[in-house]
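Descriptive structure summary
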Amino acid sequence: MYRSRYSKEVTQKDYDKQVTVAGWIEDIRNLGSIAFIILRDGKGTLQITVLKKKTPELFEQLTSFSRESVVSVKGLCKENEKVRNGYEILPEEVEILSAAETPLPLGVVDKVEADFDTRLDNRFIDLRKPEIQAIFKIRNVVIAAAHQYLRSQSFIEVHTPNIIPSSSEGGTEVFKLQYFEKEAFLAQSPQLYKQSLMATGLDRVYEIAWYFRAEEHNTRRHLNESTAVDLEMAYISSEEDVMKILENLVHSMWKSASECKEELEILDKKIAIPKLPFARMPYDEVIHKLHERKSGIEWGQDLGAEDEKLLGEIMKEGGKEFYFITRYPLGSKPFYTMPEGEKYSRGFDLECKGVEIASGSQRIHDVKLLKKRLGACGLNPKDFEAYLKAFRYGMPPHGGFGFGIERFLMELLDIKNIRECILFPRDRTRLTP
Ligand code: ATP
Ligand code: MG
């Protein structure tokens, strides 16, 4: 066996007993007659102490390894108050499992921070850093909380195709691909499929979805491949029913993150749980507030990054980090958004600290209106025949949202760049690793 205990699992019961540990050699301090080897195992670090006089061969072996080599060490676990985790391992047997080449493309514990591209080029090493790993451990916890909350509300998890035949739901650029003799596209979201499911009796569905978007932006909050909690629910009376689910979902995810004590400590972060319900502010009021602060935004426009940021500052002054923008102008929302009169829609965004984290709406369920809106948005109903068919034979009222997981993590942990929140980011120039 290569490992009987992780560094974190060693307890007083192990003292004066033999344990086997395994991991990466983080550091070697060779003082001549004694050497301290710091071993990192994915949960923490521990110290191996080797005396030249007592075990000259092991001393030679352990001090000659290159940093980041993977080893397994069997030895006696000794209590030692001077060592950070209260014990050390006195080695009896050492096995090298994989020698690391030198020099390392990226240091794991170096004081100087490598530039972001070097880190991403060597993501497998970057991820050895506890503060980077912590982001993904929290990501795992918040996604588990999302599953738990949504299932408790009778939502079922579904998986819809990512390779799709029609070019677009409008609004964003899509990636084209060759599907045998046909042209196909990567889905920008599961929108059309999750709506089709509303015609089936699977009244509440969600998907942890991949979004593929071929937009050439290069910002701190856009990826070309991202993930989202995407949800649709039937028999709603208005978009308010959807907003209630969304705010409770966000709340339960935020709360689950606040319980990740170890990871938050590593990241030196405190998380305050937001109060429910979140504020709801009609678009018109938002425009009014922005104009008061000299924004040049015109009525009907979608909020740009600068306006979103300004609104974030305004809301923060009122002690609000989360807020919905509701009743968007019809023209600024996708074709499937339910109109509210001539000018407005039942579309909303959820914002967190000046960044959009989710968009949703009540959807149109009347096929005639849907065709009309497709036309008004410059799209050809012919391209949407398979989708429209699902509306022709009985479609209940419904609504839903798409809620970006990386955007959420970014705001949760105050991370400046969204690329930090996904393992292997895809952006305008990055396709590897
Ligand atoms: P934005 O206006 O911020 O570019 P959007 O309105 O185009 O986003 P939606 O189509 O509403 O995005 O997608 C729903 C959610 O998915 C967004 O609120 C966001 O959290 C996330 N999302 C959308 N596009 C991206 C992207 N390119 N990178 C990361 N997350 C995204
Ligand atoms: Mg949006």
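In case you missed it, the structure is sitting above this.
Residues numbered from 1 in each chain as written. Chains lettered and ligands numbered in written order. Predicted model: local features only at pLDDT ≥ 70, side-chain atom pairs only at ≥ 80, totals over all residues. Heavy atoms only, no water.

Right, let's get into the packing of helix α8 (residues 283-292) against helix α9 (residues 305-317). The geometry of a pair of packed helices is captured by two quantities: the angle between their axes and the separation between those axes. For the pair α8 and α9, the least separation of the axes is 10 Å and the interaxial angle reads 90 degrees. Viewed along their axes, α8 and α9 adopt a mutual orientation that is roughly perpendicular. Touching V286, K289 and L290 of α8 are D307, L310, L311, I314 and M315, all from α9. Residues of the contact of α8 with α9, tallied by class, amount to six nonpolar, no polar and two charged. (Axes fitted to C-alpha atoms, helices over the stretch in contact; angles between N-to-C directions. Helix = DSSP H or I, 4+ residues; strand = E, 2+ residues; numbered from the N terminus. Parallel < 35°, antiparallel > 145°, perpendicular 65-115°, else oblique. Contact = heavy atoms within 4.5 Å. Nonpolar A, V, L, I, M, F, W, Y, C, P; charged D, E, K, R; others polar.)

A few words on a nonpolar patch on the surface. The grouping of I163, Y179 and F180 at the surface amounts to a nonpolar patch, some 350 Å² of accessible area in total. For Y179, a relative accessible area of 41% gives the class partly exposed. (Patch = residues over 30% accessible without salt bridge, like charges linked within 9 Å, V, L, I, M, F, W, Y side chains within 5 Å. Areas by Shrake-Rupley, 256 points an atom, 1.4 Å probe, with all protein chains shown as cover. Salt bridge = Lys/Arg side-chain N within 4 Å of Asp/Glu carboxyl O. Buried < 20%, exposed > 50% of the residue type's maximum accessible area, 1.4 Å probe, protein only.)

With that settled, the discussion passes to unusual backbone geometry. Between L276 and the following residue, P277, the backbone shows a cis peptide bond with an omega angle of -5 degrees. Residue placement: P277 occurs in the loop between α7 (261-267) and β12 (279-282). Residue P433 is reached from T432 by a cis peptide bond, and omega for that bond is -5 degrees. Structurally, P433 can be placed in the segment after α12 (405-412). Here D268, not a glycine, exhibits a phi torsion of approximately 55 degrees, which is positive. Within the secondary structure, D268 sits in the loop between α7 and β12. For D414, which is not glycine, the phi dihedral falls at a positive 50 degrees. Examined against the element boundaries, D414 turns out to sit in the segment after α12. Since its relative accessible area comes to 39%, D414 is described here as partly exposed.

Glancing now at the site of ligand 1. Around ligand 1 sit 14 residues in total, of which R213, H222, L223, E356 and I357 are the nearest. L223 places a main-chain nitrogen or oxygen 2.8 Å from a nitrogen atom of ligand 1. In this structure, an oxygen atom belonging to ligand 1 sits 3.1 Å away from a main-chain N or O atom of G404. Elements that contribute at least two residues to the shell around ligand 1 include exactly β17 (355-362) and β18 (398-404). Here the shell around ligand 1 gets four residues from one element, more than from any other, and that element is β17. In terms of residue class, the shell around ligand 1 is built from five nonpolar, five polar and four charged. (Near = heavy atom within 4 Å. Polar contact = N/O pair within 3.5 Å; in protein donor to acceptor, adjacent residues only side chain to side chain.)

Right, let's talk about the packing of helix α4 (residues 130-152) against helix α6 (residues 239-258) for a bit. At a minimum axis distance of 8 Å, the contact between α4 and α6 shows a crossing angle of 140 degrees. Taken together, the axis directions place α4 and α6 in an arrangement best described as oblique. The crossing of α4 and α6 is right-handed. Across the interface between the two elements, I138, V141, V142, A145, A146, Y149 and L150 from α4 touch I245, N248, L249, S252, M253, S256 and A257 from α6. The class makeup of the residues in the contact of α4 with α6 is 11 nonpolar, three polar and no charged. (Left-handed = near helix turned anticlockwise from the far one by under 90°.)

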